[in-house]
Amino acid sequence: MGGAGPPGKLALVSTFVTPALTALSQFSLEGRRALITGASRGIGRTLAEGLGAAGARVALGARSGDELKAVAEGIREAGGTAATVLLDVSDAASCGRAVRAAAEALGGLDVLVNNAGMEQVCPSLDVDEGLWDRILDTNLKGAFFCAQAAARIMRDAGGGGAVVNVCSLTSEVGIPTAVPYGSSKSGLLGMTRALAVEWAPLGIRVNGIAPGYFRTDLTEVFYRDAAWQQAMLAKIPAGRFGQLDDLVGATVFLCSPAAAYVTGQCLFIDGGFMASI
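Note that the structure is predicted; figures quoted are calculated from it, not measured.

Cut-offs applied
Residues numbered from 1 in each chain as written. Predicted model: local features only at pLDDT ≥ 70, side-chain atom pairs only at ≥ 80, totals over all residues. Heavy atoms only, no water. Helix = DSSP H or I, 4+ residues; strand = E, 2+ residues; numbered from the N terminus. Buried < 20%, exposed > 50% of the residue type's maximum accessible area, 1.4 Å probe, protein only. Polar contact = N/O pair within 3.5 Å; in protein donor to acceptor, adjacent residues only side chain to side chain. Contact = heavy atoms within 4.5 Å. pLDDT = per-residue confidence, 0-100. Phe/Tyr/Trp six-rings, centres within 6.5 Å; stacked < 30°, edge-to-face > 60°. Salt bridge = Lys/Arg side-chain N within 4 Å of Asp/Glu carboxyl O.

Draft legend 1. Representation of the side chain of Asn-165. Mapped onto the secondary structure, Asn-165 falls in strand β5 (residues 161–166). What makes Asn-165 buried here is its relative accessible area of 0%. Here Thr-192 takes part through its side chain, which lies 2.9 Å from a polar atom of the side chain of Asn-165. Setting aside chain neighbours within four positions, we find Asn-165 in contact with Asn-114, Leu-188, Met-191, Thr-192, Val-206, Asn-207, Gly-208 and Ile-209.

Draft legend 2. Here's a closer look at the confidence of the model for the protein chain. Per-residue confidence for the protein chain gives a mean pLDDT of 93; residues scoring 70 or more make up 92%. Scored below 50 in pLDDT, residues 1–17 makes one contact in the model with residues more than four places away or belonging to other chains.

Draft legend 3. Up close: the packing of aromatic side chains. Using the criterion set out here, one finds eight aromatic pairs in the structure. Centre to centre, the rings of Tyr-213 and Trp-228 are 5.7 Å apart; their planes meet at 65°, and the pair counts as edge-to-face. Remark: Trp-228 occurs in helix α8 (residues 226–233) and Tyr-213 occurs in the loop between β6 (204–211) and α7 (220–223); sequence separation between them is 15 residues. Ring plane angle 75° and centroid distance 5.0 Å describe the contact between Tyr-223 and Phe-241, whose orientation is recorded as edge-to-face. Here Tyr-223, found in helix α7, pairs with Phe-241, found in the loop between α8 and α9 (248–255); they are 18 residues apart in sequence, far enough to count as distant. Each member of the pair, Tyr-223 as well as Phe-241, is classed as buried.

Draft legend 4. Quick look at the pattern of salt bridges. In total, this model carries nine salt bridges according to the counting rule given. A salt bridge links Asp-217 to Arg-41, with the shortest nitrogen-to-oxygen separation between them at 3.4 Å. Residue Asp-217 is located in the loop between β6 and α7, and its partner Arg-41 is located in the loop between β1 (33–37) and α2 (42–53); the two are separated by 176 residues in the primary sequence. With relative accessibility at 56%, the residue Asp-217 sits in the exposed group. The partly exposed category is assigned to Arg-41, whose relative accessible area is 41%. Linking Arg-215 and Glu-220 is a salt bridge whose minimum nitrogen-to-oxygen distance equals 3.0 Å. Residues joined by salt bridges that share partners form a network here, namely Arg-41, Glu-67 and Asp-217.

What follows is the structure in structure tokens.
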């Protein structure tokens, strides 16, 4: 009797704990099936690992099968479930095949993270048609056709879903020598908003994240310049460049039930850069 404690106190503890547990469960991706494009390295790899850690079963898409296998093995060793699909996002047919293969491997598809992208710094007066097409086909066309294929599967399953597009500061800010890239990422933000409006009746939410200054293979060329680093750090209120793990929480949120009423939005993950200009 004495070890049971006062009944009133037990009731108070129960009332306090339950709402917290309920709130936390809204951020779980347990049972969700997610495809992440460009998942062999950098941001894509980090997001794939993050979604896997949050409970999602993940499919990893990229052109390099060997690199994908290494990422998938790491997710499995951490207790997650991971499959791999070969994907060339510059080819619309490849996008469709890869999305369907991911859904088959996972038993369905609830989440798509459009991360695959490329950049090549070039003065605008020197940009040729080939460079323009490579960047736009990878960053914008590929994202659309992956989203289209995923949305068809989500629609036919009747359960809705979530698409997260990896946008950029250049979705809103002009960056010299990055005109094709900025054009593709501005287009991706516009696409995010348009698809969010069109697909909302299907229960499919479409949002974006926009990383600020993060050091990756894609942006390494900038970080080799010490003067550039110093100048950029002076513009970031947080006083540091982003770490890849900084992108995981926002992405998990946008893919989770916690964001059930969030669509057509883009979260800038930039240490306050956009707020300061």
